[in-house]
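Now for the letters of each chain:
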Amino acid sequence: MPRLPLLLLCLLSTGPGFLRAAEVPPPLPAETLAPVMHAMCSKNIVFLGEDANHAGAQTIAVKAQLVEMLVQQCGFRGVVFESQFYDMLDFKQSLDAGTATQAQLSSAIGALWSRYPVFQPFATWLFKEASAGRIRVAGIDPQVGGVGAPYSPKELPKALAAVLDDGNRSRCLETMTRHNQWTYDDAHPFDDAAFETLRACVRKVVATPALHSGNTPSRLSAMASSYLVYLDSINPHGADEGARDRAMYQNFRWLISQWPRDIKVVVWTASVHASKTPIDSVGHGAVPFGTYVHRAMGNQAYAFGFSALGGTYGTIGGHGASYELIPPPSGALEASAFASRDHQYEARFLSATALRKLGNVPGRAFVYSKFESLPWSEYLDGVLVLRAEEAATASP
């Protein structure tokens, strides 16, 4: 039986529970982040990337600090996560109805971040700001399912099947529910036939005239379209490795169309999705979400990444092993950031200019587990190199 996508598998395998007690790292000094803010503040879209494992506690803490500063100092009013599109839309509905809770927001953001203790104060701040109407929060990931995000497994199939005619409604409800809850078994395997049945159902939903009538919320059409592109990414006949990023851009465009004109948005994601140009080593050079945005927005979009000189990093979801960051080779991105041997700073910022001067050098700003020799200024507009990363770990 084909495996679930890795991020979705993480969500499905992360059960309820509390994170281990851990201190939230102290905020970086304002003077350390001043050049970062200067580079970002005037932009309309800012991508805050991170290692593809999503398990660096120091990175998460600094990203939270930057989001709050962008909102408070630079007028950013949208915060978009590489989290489920569907459950975040459900949170928005609950927020409008006055029934939303912080737990619902955390579940919608998902186990990639919300179960880490370092994220908890930021989640509290997000919920307070969103509840007061000062910011808008959303997700863009087209993947479905996940124990911690209840809307997608349980309610999304009902919402989509409801627009179908009597001859298709119950069959497609069963088909989508089985997939979203991943209840395949020997009697009902996820094979070619199951995939084609599922795709046929979602195509019927997308094509249903009722979905596009003025009486149907536009979010249903957006969710159905997102689901259909997601299926391209898991096609057993040959997965489209660029489908997920393409769907994230599609969902992002729809969100922006629903929000006030000229809203400034910060995107919380992995650096591989924020990249300004395709990365040969990721998805066979498929177009990242950030590349679509940069093509459309030009220099009004800003791609920001993180790396570290040393320390440790964790595993997706925070339940696996922690790993040591090996010392960077001479001349690498991380070594160059601390070449002055100035022990005063816990982080050093490499601007676009600094990245261009470095040229093609080894670095691990995309994935902590390996160095890649790249002309980093072609992929990112800036990189914050931490002196020491710390693995983020969730409770068993």
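Visitor: Help me understand the overall build of the chain, please; the structure alone is not making it clear to me.
Guide: The secondary structure content of the chain amounts to 15 helices and 10 strands. Relative to its length of 396 residues, the chain is compact, with a C-alpha radius of gyration of 21 Å against a globular reference of 21 Å. Put simply, the chain has 396 residues, and 55% of those count as buried. At a minimum sequence separation of 6, the contacts of the chain that also span at least 24 residues come to 75%. Carbon and sulfur atoms provide 53% of the accessible area of the chain, an area that totals close to 16400 Å².

Visitor: Mind showing me how you'd approach the nonpolar core here?
Guide: In summary, soluble globular proteins display a tendency toward joint burial of nonpolar side chains. Formed by 57 residues in total, the largest nonpolar core has its most connected members in Leu66, Phe81, Phe119, Leu126, Phe304 and Leu384. Sort the elements by how many residues they give to this core and helix α3 (residues 57-74) lands first, with 11 residues. In contact with Leu66, not counting residues within four places along its chain, are Leu33, Val36, Met37, Met40, Leu48, Phe304 and Phe306.

Visitor: Just checking my understanding: could you explain the pattern of salt bridges for this structure?
Guide: Side chains carrying opposite charge are able to pair once their charged atoms draw close together. The final tally for this structure, using the stated rule, is 13 salt bridges. Of the charged contacts, one joins Asp141 and Arg244 as a salt bridge, the two residues approaching to 2.7 Å between their closest N and O atoms. Of the two residues, Asp141 is situated in strand β3 (residues 136-141) and Arg244 in helix α11 (residues 243-258); the sequence distance between them amounts to 103 residues. The class of Asp141 is buried, set by a relative accessible area of 5%. Overall, Arg244 belongs to the buried group, its relative accessible area being 14%. Residue Glu174 pairs with Arg178 through a salt bridge whose shortest N-O separation is 3.1 Å. Separated by four residues within a single helix, Glu174 and Arg178 lie in helix α8 (residues 166-180), roughly one turn from each other. On the basis of relative accessibility, which here comes to 47%, the residue Glu174 falls in the partly exposed class. Arg178 gets classed as buried once you look at its relative accessible area, which sits at 18%. Through salt bridges with shared partners, a single ionic network connects Glu82, Asp141 and Arg244.

Visitor: How should I be thinking about the packing of aromatic side chains in this particular structure?
Guide: Both the distance between ring centres and the angle between the ring planes are used here to describe each pair of aromatic rings. All told, the structure shown has 26 aromatic pairs when counted by the stated rule. Note on Phe304 and Phe349: the rings are 6.1 Å apart at their centroids and 40 degrees apart in plane angle, and the pair reads as tilted. Highlighted residues: Phe304 in strand β5 (residues 301-313) and Phe349 in strand β7 (residues 347-350), separated in sequence by 45 residues. Neither Phe304 nor Phe349 differs from the other in exposure class; each is buried. Ring plane angle 50 degrees and centroid distance 5.1 Å describe the contact between Phe366 and Trp376, whose orientation is recorded as tilted. Note that Phe366 is positioned in the loop between β8 (360-363) and β9 (372-375) and Trp376 in the loop between β9 and β10 (382-389), a separation of 10 residues in sequence.

Visitor: When you look at the packing of helix α9 (residues 192-207) against helix α10 (residues 218-232) in this model, what are you seeing that I'm missing?
Guide: The geometry of a pair of packed helices is captured by two quantities: the angle between their axes and the separation between those axes. Between α9 and α10, the shortest axis-to-axis distance is 9 Å and the interhelical angle comes to 155 degrees. The angle between the axes of α9 and α10 places the two elements in the roughly antiparallel class. As α9 runs across α10, the sense of the crossing is left-handed. Of α10, the residues touching α9 (which contributes Phe195, Leu198, Arg199, Val202, Arg203, Val205 and Val206) are Ala224, Ser225, Tyr227, Leu228, Leu231 and Asp232.

Conventions we followed
- Each chain has its residues counted from 1, running along the sequence as written.
- Local features in a predicted model are, by the rule used here, given only for residues with pLDDT of at least 70; side-chain atom pairs are given and counted only at 80 or more, and totals for whole chains, interfaces and linings are based on all residues.
- Heavy atoms throughout the structure, all of them, feed into the side-chain values; hydrogens and water do not.
- The numbering of helices and of strands both runs from the N terminus, where a helix is a DSSP run of H or I of at least 4 residues and a strand a run of E of at least 2.
- Here the radius of gyration uses the C-alpha set of atoms, whereas the globule reference equals 2.2 Å times the residue count to the power 0.38.
- Classification of residues uses two cut-offs on accessible area relative to the type maximum, computed with a 1.4 Å probe and protein chains only: under 20% is buried, over 50% is exposed, and between them is partly exposed.
- Here, residues are in contact when the closest pair of their heavy atoms is within 4.5 Å.
- Surface accessibility follows the Shrake-Rupley procedure with a 1.4 Å probe radius. Residue values consider only the protein chains on display as shielding.
- Put simply, a nonpolar core is a bunch of buried Ala, Val, Leu, Ile, Met, Phe, Trp, Tyr and Cys residues held in one set by side-chain atoms that sit within 4.5 Å of each other.
- We define a salt bridge as a contact between a side-chain nitrogen of Lys or Arg and a carboxyl oxygen of Asp or Glu at a distance within 4 Å.
- Only Phe, Tyr and Trp rings are paired, with Trp represented by its six-membered ring, and only when their centres lie within 6.5 Å; those with planes under 30 degrees apart are stacked, over 60 edge-to-face, the remainder tilted.
- In this analysis an axis means a line fitted to C-alpha atoms, helices contributing only their contacting stretch, and an angle means the value between N-to-C directions, from 0 to 180 degrees.
- Any angle between 65 and 115 degrees counts as roughly perpendicular, while under 35 counts as roughly parallel, over 145 as roughly antiparallel, and the rest as oblique.
- The hand of a helix crossing depends on one turn: near helix anticlockwise from the far one by less than a right angle means left-handed, and clockwise means right-handed.

The values reported here are purely geometric and, on their own, carry no functional implication.
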